[in-house]
Amino acid sequence: MSMKVYLPNGSELTLDDGATAFDAASAISRGLAQNALAAKVNDIVVDLNRPLSDGDTLAILTFDDAEGKSVFWHSSAHILAEAVQNLYPGTKITIGPSIEAGFYYDFDKETPFTPDDLAKIEAEIARIVSEKKPFVRSEMNRDEAEKQFAAQGETYKVELLNDIEGDPSFYSCGSWSDMCRGPHVPNTGVIKAVKLLSVAGAYWRGDVTKKMLQRIYGVSFPKKKDLEEYLHLLEEAKKRDHRKLGKELDLFSFHDEGLGFPFWHAKGSIIYNEVANYSRQEHFKRNYDEVRTPVILNEELWHRSGHWDKYQENMYFVSIDDKAHAIKPMNCPGGLLIFKNSPRSYRDLPIRNFEFGLVHRHEKSSAMHGLFRVRQFTQDDAHIFCTPEQIEPEINDVIDFIFSVYKTMGFNDFFIELSTRPDKFIGDLEVWDVAEKALQNVLDHKGIKYKLNPGDGAFYGPKIDFHIRDSLKRSWQCGTIQLDFSMPKRFDLEYADSDGTKKTPVMIHRALLGSMERFIGIMIEHYAGFMPLWMSPVQVKVMTISDKFNGFAEEVTKKLRASGIRAEMDYRSEKVGYKIRDAETHKVPYMAVVGEKEMEAGSVSVRLHKKGDLGVLTVDAFIALLNDQIINKKAYEE
RNA sequence: GCCCGGAUAGCUCAGGGGUAGAGCAUUUCAUUGGUAAUGAAAAGGUCGGCAGUUCAAAUCUGCUUCCGGGCUCCA
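Worth saying up front: this structure is predicted, and the values here are computed from it rather than measured. (Residues numbered from 1 in each chain as written. Chains lettered and ligands numbered in written order. Predicted model: local features only at pLDDT ≥ 70, side-chain atom pairs only at ≥ 80, totals over all residues. Heavy atoms only, no water.)

(A) Representation of the overall build of chain A in the model. What chain A contains, in helices and strands, is 20 helices and 33 strands. By sequence separation, contacts in chain A at least 24 residues apart represent 68% of the contacts at least 6 residues apart. Here chain A has roughly 30,800 Å² of accessible surface; of this, 50% comes from carbon and sulfur atoms. Of the side-chain charges in chain A, 82 are positive and 96 negative, and the distance between the mean point of each set is 4 Å. (Helix = DSSP H or I, 4+ residues; strand = E, 2+ residues; numbered from the N terminus. Contact = heavy atoms within 4.5 Å. Areas by Shrake-Rupley, 256 points an atom, 1.4 Å probe, with all protein chains shown as cover. Lys, Arg positive; Asp, Glu negative; His and termini not counted. Charge placed at Lys NZ, Arg CZ, Asp CG, Glu CD.)

Right, dumping it as structure tokens:
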């Protein structure tokens, strides 16, 4: 008897009855059979040795597939756990999933792992891999499983068992086994290269009230070369770290005198101001008005807004004339007071008030991270007050606005999350439902892919967040759009509608870049410090072949600066190669080399960083070239 | 807040119970050189802070501050 299965490319494959996914892979090609890690049958990822049925759709998963990687890393975590229990008997196992890049396993062990331990564990893993032990799936009656765990002292597994419906499945490698849904790679031998990266504490089930476990992070690959490449990539990524580049390029610093409060140096301030100027222009184009609200406001306001209830621990307080005041953690209450200051008509709506709002939040010191997580930052914030009918078009426009700004900044790779009502919220349930639906509608109508994050909304409304990854692929929230029916009510905002009745406006909180600090940090990493010309702190370095041409070089520098170009001259009596190297390492985009020929012709030799000599241009032509790129905010061609 | 690791010159880092090392950067002198490092010299440090052990601590121990990697948190 034979059966047919359907492959991803639409073709069908005829197999003997009882054939497995591995048999199918072998039938397709020997290479595929060699690289096969798992299979996807009717959209479910399963073990390769699982028998197929007639009519199944089948995809063979290799390390090139995201799901293949995930199985590979999950199996690696199993081997890690076995290695740890072999070396450190009495260590309890918990969970060990695959993650975006690699895997981890959480252990309960009396003494924490040391870096030396990691090396030993790696060696034990290599031994297990060399045994090429098959992963064998089995099922066990749950009572029996519980008995076994109790006998082994695997208390965490008992707890996990309680959350499972039906009988649990197990995967064993030789004598070692772990309760697991699977699937797994065929045998330990496929995991050729494993590197344990770090140890960290992690609460059992992510709950602070529970015990802290010892987590080991690792990564693995089917080939040694892949691991080497990955580790090299990691090293390269670390060189892009904005904290490192911020120091090297003299952009910003942090000091013990004000932990978490960034100091913007001259060069960093230029980037900051260029971004802010650009933002202002774009807001102007889109009919926003810029406002400015105070940094300190009395405490009562924060009670009214609900922030005090929820975030007082993260707020700073000061006393003025014996009255309690708070330093603003958000700009919205100030924005509400501006709206409330004048009578409003439906004809005024939507009102779009934009603000570079300087906020302070007391983040835990352990949470701080360069410019990404600070205690003082500036939001490119806006509050849109509108009628219910205007919600969807306004949100639609904001999303377009964000896309446009991110594009100019050079970001195509970001992702979107829709976060819904949290446990601690204000306002009515029905209103929340309407608000969530509105956000979802806009996203759906625009055909935007997003991840749903249930329970992660702001306390006053649901939100759409825009996340961008840093050089180490950690994601950070940047843009945000939050729909709020509660604050306007709490602050008794109203407008006169066309029928003369008073109505409460809807408020949309939104930020495009989010935090200026965070976004600039992300940009520094994105560009590896090679900022686009328009925001480069130094756009041109003028340098002479010898001191004899300093006079002319000074004229050139002056002329460039008179045209608004940030040019600096390197006066040092060094060879031009030295000055070029210096400019290159400081990531200055353009170098203007001046010698005898240039002085006679009134020209400069133009050099672009990373590219090299572009030839000779007259000073005017050079200025025109620069201005074209600056005004149009052009990116460098790669 | 919790777990682990770290802190030596402006930067990157080596060293290690007996008066502190390198490279780069800085300053000075010589050199005036055509697209990623000219040569020489000088200067630069309470080895994060406090206590303890010791004849002697940058080195060992404890505490503490800050930094890094995670967990938790992130309006």
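Now that the structure has been shown, the text picks up again.
(B) Main features of the protein's contact with RNA strand B. The environment of RNA strand B is formed by 53 residues, the closest being Tyr203, Ser366, Ile545, Arg581 and Glu598. Of everything in RNA strand B that lies within 4 Å of the protein, sugar and phosphate atoms constitute 46%. Measuring from a base nitrogen of RNA strand B, one finds a side-chain N or O atom of Arg581 at 2.3 Å. At a separation of 2.9 Å, a base oxygen of RNA strand B approaches a polar backbone atom of Glu596. Only strand S12 (193–203), strand S13 (212–221), helix H8 (242–248), helix H11 (307–311), helix H18 (576–585), helix H19 (596–601) and strand S32 (603–608) provide two or more residues apiece to the surface near RNA strand B. In terms of residue count, the dominant contributor to the surface near RNA strand B is H18 (six residues). The residue makeup of the surface near RNA strand B, split by class, is 19 nonpolar, 13 polar and 21 charged. (Near = heavy atom within 4 Å. Polar contact = N/O pair within 3.5 Å; in protein donor to acceptor, adjacent residues only side chain to side chain. Nonpolar A, V, L, I, M, F, W, Y, C, P; charged D, E, K, R; others polar.)

(C) Expanded view of the packing of helix H17 (residues 550–562) against helix H20 (residues 619–631). Taken N-terminus to C-terminus, the directions of H17 and H20 make an angle of 35 degrees; their axes are 11 Å apart at the nearest point. Viewed along their axes, H17 and H20 form a crossing whose handedness is right-handed. Every residue of H20 that contacts H17 at Val556, Lys559 and Leu560 is listed here: Val619, Asp620, Phe622, Ile623 and Leu626. For the contact of H17 with H20, the class distribution of residues is six nonpolar, no polar and two charged. (Axes fitted to C-alpha atoms, helices over the stretch in contact; angles between N-to-C directions. Left-handed = near helix turned anticlockwise from the far one by under 90°.)

(D) Structural view of the packing of helix H9 (residues 266–285) against helix H13 (residues 391–409). The geometry of H9 relative to H13 is characterised by a closest axis approach of 12 Å and an angle of 145 degrees between their N-to-C directions. Along this stretch, H9 crosses H13, giving a crossing that reads as right-handed. Within the contact between the two elements, H9 uses Val275, Tyr278, Glu282 and His283 and H13 uses Phe401, Ser404, Val405, Thr408 and Met409. A per-class count over the contact of H9 with H13 returns five nonpolar, three polar and one charged.

(E) Molecular detail of the nonpolar core. Ranked by internal contacts, the top residues of the largest apolar core, which has 81 residues, are Tyr406 and Met409. Top contributing element to this core by residue count: H13, with nine residues. With 39 residues, the next largest nonpolar core counts Trp73, Cys180, Ile191 and Phe221 among its residues. (Core = buried A, V, L, I, M, F, W, Y, C linked by side-chain atoms within 4.5 Å. Buried < 20%, exposed > 50% of the residue type's maximum accessible area, 1.4 Å probe, protein only.)

(F) Focus on the sheet that holds strand S10 (residues 169–173). Pairing is antiparallel in the open sheet, where three strands are placed in the order S9-S10-S11. Taken across any chain shown, the strands that pair with only one partner, and hence form the sheet edges, are strand S9 (135–139) and strand S11 (176–179). Neighbour-to-neighbour, the strand axes of this sheet turn through a mean angle of 25 degrees, independent of strand direction. When S10 meets S11, the two strands line up antiparallel, connected through four bridges. The residue bridging Cys173 from the neighbouring strand is Trp176, located in S11. Sheet strands in contact with helix H3 (residues 66–87) are S9, S10 and S11, and its direction is about 125 degrees off that of S11. (Pairing = 2+ DSSP bridges.)

(G) Highlighting the sheet that holds strand S19 (residues 323–327). The strand order S17-S19-S18 describes an open sheet built from three strands, whose pairing is antiparallel. Unpaired on one side and paired on the other, strand S17 (296–298) and strand S18 (316–320) mark the two borders of the sheet. Across the sheet, the axes of successive neighbouring strands diverge by a mean angle of 40 degrees, strand direction being ignored. Direction of pairing for S18 relative to S19: antiparallel, over a ladder of five bridges. In the strand pairing of S19, Phe317 is matched with Ala326.

(H) Quick look at empty space enclosed by the protein. Considering all chains together, one arrives at one cavity of 30 Å³ or more under this definition. In this structure, the largest cavity occupies an estimated 30 Å³ of space. In this structure, the largest cavity is lined by Val431, Trp432, Ala435, Tyr460, Gly461, Pro462, Phe485 and Ser486. Top contributing element to the lining of the largest cavity by residue count: helix H14 (residues 429–445), with three residues. Broken down by class, the residue content of the lining of the largest cavity amounts to six nonpolar, two polar and no charged. (1 Å grid on protein atoms, 1.4 Å probe; cavity = no way out; pocket = protein on both sides within 12 Å on 5 of 7 lines; lining within 4 Å. Points joined across faces, edges and corners; volume = space filled by probe spheres on them.)

(I) Layout of the environment of Ser98. Here Ser98 is to be found in strand S7 (residues 98–99). Put simply, Ser98 and Tyr156 are 58 residues apart on the chain and 19 Å apart in space, counted from C-alpha to C-alpha. Once residues lying within four places of it in the same chain are set aside, the contact partners of Ser98 are Ser70, Trp73, His74 and Phe103. Reaching out from Ser98, the side chain makes a polar contact with the side chain of Ser70 at a distance of 3.1 Å.

(J) Structural detail: the layout of surface pockets. Size it by volume and the largest pocket reaches roughly 1,300 Å³. Along the walls of the largest pocket sit 43 residues, with Tyr311, Arg361, Glu363, Lys463 and Gln477 positioned nearest its centre. Looking at the lining of the largest pocket, the elements with two or more residues in it are H11, strand S21 (376–386), strand S22 (414–419), strand S24 (463–469), strand S25 (475–484) and strand S28 (506–515). By residue class, the composition of the lining of the largest pocket is 14 nonpolar, 16 polar and 13 charged. What the second largest pocket holds in volume is close to 1,000 Å³. In this structure, the second largest pocket is lined by 34 residues; those nearest its centre are Asp470, Ser471, Leu472, Lys473 and Arg474. Going through the elements one at a time, H3, S12, S13, helix H7 (224–239), S24 and helix H16 (516–526) are the ones with two or more residues in the lining of the second largest pocket. When residues in the lining of the second largest pocket are grouped by element, the largest group, five residues, is from H7. Each residue belonging to the lining of the second largest pocket can be placed in one class, and the counts come to 19 nonpolar, five polar and 10 charged.

(K) Highlighting the pattern of salt bridges. This model, assessed by the stated rule, comprises 39 salt bridges. Note that Arg572 and Asp582 form a salt bridge whose closest N and O atoms lie 3.1 Å from each other. With a gap of 10 residues between them, Arg572 in the loop between strand S30 (567–570) and H18 and Asp582 in helix H18 connect regions that are remote in the sequence. One continuous salt-bridge network, built from bridges that share partners, spans Glu82, Glu124, Arg127, Glu131 and Lys133. (Salt bridge = Lys/Arg side-chain N within 4 Å of Asp/Glu carboxyl O.)

(L) Fine view of the packing of aromatic side chains. With the rule as written, the count across this model stands at 31 aromatic pairs. Measuring from ring centre to ring centre gives 4.6 Å for Phe339 and Phe385, while their planes differ by 40 degrees; the resulting arrangement is tilted. Here the residue Phe339 occupies a position in helix H12 (residues 332–340), and Phe385 occupies one in strand S21, the gap between them amounting to 46 residues. This pair shows no difference in class: Phe339 is buried, exactly as Phe385 is. The rings of Phe403, Tyr406, Phe411, Phe414, Phe466 and Phe519 are connected pair by pair, giving a single aromatic cluster. Between Lys109 and the ring centre of Tyr88, over which it is positioned, the NZ or CZ distance is 4.7 Å. The cationic tip of Arg421 hangs over the ring face of Phe425; the distance from NZ or CZ to the ring centre is 5.2 Å. (Phe/Tyr/Trp six-rings, centres within 6.5 Å; stacked < 30°, edge-to-face > 60°. Lys NZ or Arg CZ within 6 Å of the ring centre and 35° of its normal.)

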